[in-house]
Amino acid sequence: MKRMSLIFRSKANSAMDRAEDPRETLDYSYQRQTELLTKVRRGVADVATSRKRVELQMNQLQQQVDKLQAQAEKAIGMGREDLAREALTRKSAVVGQVEDLRVQHANLQGEEEKLVLAQQRLQAKVESFRTRKETIKANYTAAEAQTRIGEAMSGIGEEMGDVGMAIQRAEDKTATMQARAGAIDELIASGALDDASSTNRGDDIARELEQMSSQSDVELELARLKGVSAPQQPDALNQGGGTDDALAPEAERSTEPGQEGRS
C-alpha cells in the first residue's frame, strides 16, 4: 500500500508538472495577494469607522458634561445645592464614560496605525511581485517561443518528429517499390519470370525465335533504307548468272563521266 501510494503520488505530481503553466501560477498568486491586500484595506476602513464612532460618542458625552457643569453652577447660584449635587453626580458618571471612550479611542487609533503600516508594506510587496511576475512571464514566453522555433527547425519537436517519421516511411516504401519493380523487369527480361501480357509466355524457344525475327526485320529495313536489296539465297544467285552480272549495273553506275575523260 505504501508503494502504491508513493507511485500514485509520483504519477500525480508528474502529471501536474506537465499540466502546470508557470504564468497561470504567477497570476493566481498575484490574485491571492491582491485579495489579501483588499481585506487589509477593508480592515483599516472598519477600524477607522469604529474610531470615528467613538469620537462622535466622546463629543456627545463631552457636550453632556459641559451641560451638567453649567446646570450645577446655575443651581448653586439659585441656592439649590441639591440640584447642583445631582448635576455634579451625573457629570462624574459621564466623565467616567468619556475616559473609557478615550482609552478605547487610543487603542483603535493604534490598531489603525498598525493596519495602515501593514497595508503600505503589503501594497509595496504586491507591486514588487507584480513587476517581477510580468518579467518572469515575458522571459518564459520568449523562452517558450525560442524552444518551439528551435524544435521546428531541428525537427525534434513532437509534431515535426511525426512528420519526419512519415516522410522517412514514405521514402522507404518508395525505395522498396522501385527495387521491386526493377527486379521484376530484370526477371522478365531474363525469362525467369513470365510476362502475363505476352502470347508466348512460358515458351522460351518461341521467345528466342521472336527475338531473332525482330532482329531480322530490323536488318531488312536498314538494308532497304540504304538502297541495297535484301541478300539472296545461294541457289538464286547461281541461276541468275553469277555475281559478276548482278554487280555489273552497280559498277556502271559508279563510273562517272569525268572519270572516263580523265582515263
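Cut-offs used in this document
- Residues numbered from 1 in each chain as written.
- Predicted model: local features only at pLDDT ≥ 70, side-chain atom pairs only at ≥ 80, totals over all residues.
- Heavy atoms only, no water.
- Helix = DSSP H or I, 4+ residues; strand = E, 2+ residues; numbered from the N terminus.
- Buried < 20%, exposed > 50% of the residue type's maximum accessible area, 1.4 Å probe, protein only.
- Contact = heavy atoms within 4.5 Å.
- Areas by Shrake-Rupley, 256 points an atom, 1.4 Å probe, with all protein chains shown as cover.
- Salt bridge = Lys/Arg side-chain N within 4 Å of Asp/Glu carboxyl O.
- Core = buried A, V, L, I, M, F, W, Y, C linked by side-chain atoms within 4.5 Å.
- Expected span 1.5 Å × (residues − 1).
- pLDDT = per-residue confidence, 0-100.
- Phe/Tyr/Trp six-rings, centres within 6.5 Å; stacked < 30°, edge-to-face > 60°.
- Lys NZ or Arg CZ within 6 Å of the ring centre and 35° of its normal.

Any chance you could explain the overall build of the chain here in plain terms?
When you go through the chain residue by residue, the secondary structure sums to eight helices and zero strands. Reading the helices (α) and strands (β) of the chain from amino to carboxyl end gives α-α-α-α-α-α-α-α. Within the span of the chain, comprising 263 residues, buried residues form 13% of the whole. A fraction of 68% describes how many contacts in the chain between residues 6 or more apart in sequence connect residues 24 or more apart. With the model as given, the accessible surface of the chain reaches about 21,200 Å², and the carbon-plus-sulfur share is 54%.

For this particular structure, what's the right way to read the pattern of salt bridges?
Per the stated rule, a full pass over the model turns up 13 salt bridges. Put simply, R80 and D82 hold a salt bridge, and the shortest N to O gap is 3.3 Å. Look at R80 and you get partly exposed, because its relative accessible area is 38%.

How should I be thinking about the nonpolar core in this particular structure?
A general tendency of soluble globular proteins is for nonpolar side chains to be buried together. V54, M58, L61, V65, L68, V94, V98, L101 and L108 form the largest nonpolar core, which has nine residues in total. Every element with two or more residues in this core is listed here: α2 (22-77) and α3 (81-154). The dominant element in this core, judged by the number of residues it contributes, is α2, at five residues. Not counting chain neighbours up to four residues away, the residues in contact with V98 comprise L61 and Q62. Within the second largest apolar cluster, five residues are counted, among which are L37, V40, L122 and V126.

Could you clarify how one ought to interpret α2 in this entry?
For the α-helix, the turn length of 3.6 residues means that residues three or four positions removed from each other point alike. Compared with the 82 Å implied by 1.5 Å per residue over 56 residues, the 82 Å span of α2 between its first and last C-alpha is a close match. Note on α2: the residue one or two positions beyond its end, G79, has a positive phi of about 80°.

Would you mind showing me how to read the side chain of K137 here?
With respect to the helices and strands, the residue K137 is situated in helix α3. Classification of K137 as buried rests on a relative accessible area of 18%.

Even after reading the chapter, I still don't get the confidence of the model for the chain, so can you show me in this structure?
Regions with low pLDDT should not have their predicted coordinates read in detail. Per-residue confidence for the chain averages 76 on the pLDDT scale, and 70% of its residues sit at or above 70. Between residues 236-263, whose pLDDT stays under 50, and residues either more than four places distant or in other chains, the model counts four contacts.

Please explain the packing of aromatic side chains as it appears in this structure.
The description of an aromatic ring pair uses the distance of the two centres, along with the angle that the planes make with each other. One pass over the full model with this rule turns up zero aromatic pairs. In this structure, K133 is placed above the aromatic ring of Y30, and the distance from its NZ or CZ to the ring centre is 5.1 Å.

Teacher, can you tell me more about the side chain of Q33 here?
Structurally, Q33 is set in helix α2. Setting aside residues no more than four positions away along its own chain, Q33 makes contact with K125, V126 and F129.

How should the environment of A45 be read in this particular structure?
Its place among the elements puts A45 in helix α2. When the C-alpha atoms of A45 and V116 are compared, they prove to be 9.5 Å apart, with 71 residues separating the residues in sequence.

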